[in-house]
Amino acid sequence: MRHRCWIPLLLACLCTLAAACRPAPDTPIPATPAPGADKPAQAVRLLTRHLRDNALDAYARDAVPPDLHARLETAWREGRTRWPLDELPLGEHLPGVLAALEKPDAEAHWRKVFDRQFAHADREIDSTAATLGLFGVQYVQNEGDFSESEREHYTQIVAAMSRWAQSAPLSDPGRAHAALPRLAAAARQTGLASEADFARFGMDDSLRRMAPFAAAVKQALAGYGLDLDASLAALDASLQSQTGDTARVRMRYQLGGEPVDTVVEVERHDGRWYLSDVLRHARAALERPAAAPVAPTTAPGPANKPRPAAAGRPPSA
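This write-up is about the structure you can find in this document. (Residues numbered from 1 in each chain as written. Predicted model: local features only at pLDDT ≥ 70, side-chain atom pairs only at ≥ 80, totals over all residues. Heavy atoms only, no water.)

## Let's talk about the overall build of the protein
Basically, it comes down to this: Secondary structure elements are taken from DSSP: a helix is a run of H or I of four residues or more, a strand is a run of E of two residues or more, and numbering for both begins at the N terminus. Throughout this description, buried means an accessible area under 20% of the type-specific maximum (1.4 Å probe, protein chains only), exposed means over 50%, and partly exposed covers the range between. Only the protein chains shown count as cover for residues, and the accessible areas themselves come from Shrake-Rupley with a 1.4 Å probe.
Of the regular secondary structure elements, the protein holds 13 helices and 4 strands. Taking all 317 residues of the protein together, 41% fall into the buried category. With an accessible surface of roughly 17600 Å², the protein has 58% of that area assigned to carbon and sulfur atoms.

Here's what the structure looks like:
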């Protein structure tokens, strides 16, 4: 009770600061940048910067024109899409992953799982990484709903990740034990433990809430020698050609110590530039029917064996 006398003084200080920070009447207020990019190569750089900053909501805003963004927000709340998360490998399983990591005993449980199944299994993990790399390259080159640009890009990504995984210390218990508490804490910070949470918060708020988890995943990977932020920061994008409202942009960067060099298509709408493949997948996401209601399931835990995950789409740049 005795501290309540400070409340009026605190409010007065805040009002004074707000008045001091308010621009003068003749000072123009900077306009909010329009979604998208003003040049073809900038479309790649802009989305890359958002990924580096873990600003997934900003990525969604600048990846598509405003009218498409609004329709995606509606589809998200209706449960018809989790774009752009469902463009990630295993993105459709993110609610289950977050729910598993948010459980009170998650750190201890997954530490035991790792020690039992993966600790010091260097030979097995290396063999699996090599096999999955070969399978992944063959799949991207010959199967799936990929554009020619995506096939070229994703083939390089899968091969680079496979080679990195074969040399990374993925079976080291010390690294896993250090990463699990950070991942669990970040998952709890999101407040996203179910499909209902994703629908309730909507696309923009859910993506903002994913930021700490995205940062924790990057930090964990960096502990194994895969510095995604360094790769994104060093990415070079240059205009190759432009014809009217379409253009080709060359992207070059390093992933796991391997060079990636590819060309992506971009297109202009209402004076702003967007990646063609990203637009194609966003429009396709709107065509999916609403998911049927399902009974709630218990997240994987000590008494619940985790389900095997399905393969997902390699990430777009």
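What follows continues from the structure just given.
## Considering the packing of helix H2 (residues 40-52) against helix H3 (residues 56-63)
Note the following rule: Working convention: axes come from line fits to C-alpha atoms, limited for helices to the stretch in contact. Angles between N-to-C directions cover 0 to 180 degrees. Orientation categories follow fixed angle ranges, with anything under 35 degrees roughly parallel, anything over 145 roughly antiparallel, 65 to 115 roughly perpendicular, and all other angles oblique. Crossings are sorted by hand: turned counterclockwise from the far helix by less than a right angle, the near helix makes the crossing left-handed, and turned clockwise it makes it right-handed. The contact definition used throughout considers only heavy atoms, calling two residues in contact when any of these lie within 4.5 Å. Under this grouping Gly is polar, as are all residues other than the nonpolar Ala, Val, Leu, Ile, Met, Phe, Trp, Tyr, Cys and Pro and the charged Asp, Glu, Lys and Arg.
The contact between H2 and H3 brings their axes to 8 Å, and the two run at 165°. As the angle between them shows, H2 and H3 are arranged roughly antiparallel. Where H2 crosses over H3, the two elements pack in a sense that is left-handed. Along the contact surface, H2 presents Leu-46, Leu-47, His-50 and Leu-51, while H3 presents Leu-56, Ala-58, Tyr-59, Arg-61, Asp-62 and Ala-63. Classifying every residue of the contact of H2 with H3 gives 7 nonpolar, 1 polar and 2 charged.

## Structural notes on the pattern of salt bridges
Put simply, the test is: Any carboxyl oxygen of Asp or Glu within 4 Å of a side-chain nitrogen of Lys or Arg constitutes a salt bridge here.
For the structure on display, the rule yields 18 salt bridges. Residue Asp-205 is joined to Arg-209 by a salt bridge in which the shortest nitrogen-to-oxygen separation is 3.6 Å. Within this pair, Asp-205 and its partner Arg-209 are both found in helix H10 (residues 195-209), separated by 4 residues, close to a single helical turn. We classify Asp-205 as partly exposed; its relative accessible area is 24%. Judged by its relative accessible area of 27%, Arg-209 is partly exposed. If you follow the salt bridges from partner to partner, you end up with Asp-145, Glu-150, Asp-277 and Arg-280 in one network.

## Observations concerning the pairing of strand E1 (residues 236-243)
Note the threshold: Two strands make a pair as long as DSSP finds a minimum of two bridges between them.
With 7 bridges joining them, E1 and strand E2 (residues 246-255) adopt antiparallel strand pairing. Opposite Leu-239, over in E2, you have Val-249 as the bridge partner. Taking the residues that link successive antiparallel strands as the turn, the E1-E2 hairpin has 2 residues, and the phi of Gly-244 there is positive, at about 60°.

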